[in-house]
Amino acid sequence: MKSRNFRLAPAVAVATVGLLFAGTAGAAVAAPSEESPSPSATSTSAGEEAKADWKPGAWYDDEEACKKAGEKGRTDGKWREYRCKHEEKNHGQYDYKWHLYYRR
């Protein structure tokens, strides 16, 4: 009886690890990316998104300041949509900032 349990234990361990891995992989797929537009941005069709040209705006130290500037520009009528992306300002120097992009 003990020998059968010892043979079954590795199979159960492999199955458990497989289930845990499948659960974390599913969560990673369901998680939203940082590059998605902010919730305040209006939804567009795929064709409109492809031909729309996003213009770069200013750089900000934190996401809150970027979104605040984006909302202000939208209420002032400077642009109709904006998004904030976390990007490296000077490539190769690892200085990540929030970059405001907008379109009219």
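Conventions and cut-offs
- Residues numbered from 1 in each chain as written.
- Predicted model: local features only at pLDDT ≥ 70, side-chain atom pairs only at ≥ 80, totals over all residues.
- Heavy atoms only, no water.
- Disulfide = S-S within 2.5 Å.
- Helix = DSSP H or I, 4+ residues; strand = E, 2+ residues; numbered from the N terminus.
- Buried < 20%, exposed > 50% of the residue type's maximum accessible area, 1.4 Å probe, protein only.
- Phe/Tyr/Trp six-rings, centres within 6.5 Å; stacked < 30°, edge-to-face > 60°.
- Lys NZ or Arg CZ within 6 Å of the ring centre and 35° of its normal.
- Core = buried A, V, L, I, M, F, W, Y, C linked by side-chain atoms within 4.5 Å.
- Pairing = 2+ DSSP bridges.
- Axes fitted to C-alpha atoms, helices over the stretch in contact; angles between N-to-C directions.
- Salt bridge = Lys/Arg side-chain N within 4 Å of Asp/Glu carboxyl O.

Caption draft 1: Region of the structure containing the state of the cysteines. All chains considered together, the criterion is met by one disulfide. Between the sulfur of Cys 66 and that of Cys 84 lies a disulfide, 2.2 Å long from S to S. Across the S-S bond of Cys 66 and Cys 84 the torsion is about -100°, and the bridge reads as left-handed. Placement of Cys 66 in helix α3 (residues 63-75) and of Cys 84 in strand β2 (residues 81-88) is noted, with a sequence separation of 18 residues between them. Neither Cys 66 nor Cys 84 differs from the other in exposure class; each is buried.

Caption draft 2: Molecular detail of the environment of Arg 74. Summarising the element assignment, Arg 74 is placed in helix α3. Considering only alpha carbons, one finds Arg 74 and Tyr 102, 28 residues apart in sequence, at a separation of 9.1 Å.

Caption draft 3: The packing of aromatic side chains, seen in detail. Within the structure shown, the criterion is met by one aromatic pair. For the pair Trp 79 and Tyr 102, a centre-to-centre distance of 4.6 Å together with 25° between the ring planes defines the contact as stacked. Here the residue Trp 79 occupies a position in the loop between α3 and β2, and Tyr 102 occupies one in strand β3 (residues 96-103), the gap between them amounting to 23 residues. Among the residues examined, Trp 79 registers a relative accessible area of 13% and is labelled buried. Relative accessible area serves as the criterion here: at 13%, Tyr 102 is assigned to the buried category. Over the aromatic face of Trp 54 sits the side chain of Arg 83, whose NZ or CZ is 4.2 Å from the ring centroid. In this structure, Lys 85 is placed above the aromatic ring of Tyr 101, and the distance from its NZ or CZ to the ring centre is 5.6 Å.

Caption draft 4: Layout of the nonpolar core. By size, the foremost hydrophobic cluster in this structure holds seven residues: Cys 66, Trp 79, Tyr 82, Cys 84, Trp 98, Leu 100 and Tyr 102. Elements that contribute at least two residues to this core include exactly β2 and β3. Considering every element that reaches this core, the biggest residue donor is β3, with three residues.

Caption draft 5: The arrangement of the sheet that holds β2 in detail. Spatially, the three strands line up as an open sheet ordered β1-β3-β2, and their pairing is antiparallel. The open sheet has two free edges, formed respectively by β1 (55-60) and β2, since each of these has just one partner strand. Going from strand to strand, the sheet's axes swing by 30° on average, the running direction of each strand aside. In this sheet, β3 lies alongside β2 in antiparallel orientation, the contact comprising eight bridges. Among the inter-strand pairings, His 86 is bridged to a residue of β3, identified as Trp 98.

Caption draft 6: Seen up close, the pattern of salt bridges. If you walk through the whole model with that rule in mind, you get six salt bridges. The residue Arg 74 makes a salt bridge to Glu 71 at a minimum N-O spacing of 3.2 Å. You can see Arg 74 and its partner Glu 71 sitting in helix α3, three residues apart, about one turn around the helix. Look at Arg 74 and you get partly exposed, because its relative accessible area is 26%. Where Asp 76 meets Lys 72, a salt bridge forms, and the shortest distance between an N and an O atom there is 2.9 Å. Lys 72 gets classed as exposed once you look at its relative accessible area, which sits at 52%. If you follow the salt bridges from partner to partner, you end up with Arg 80, Glu 81 and Arg 103 in one network.

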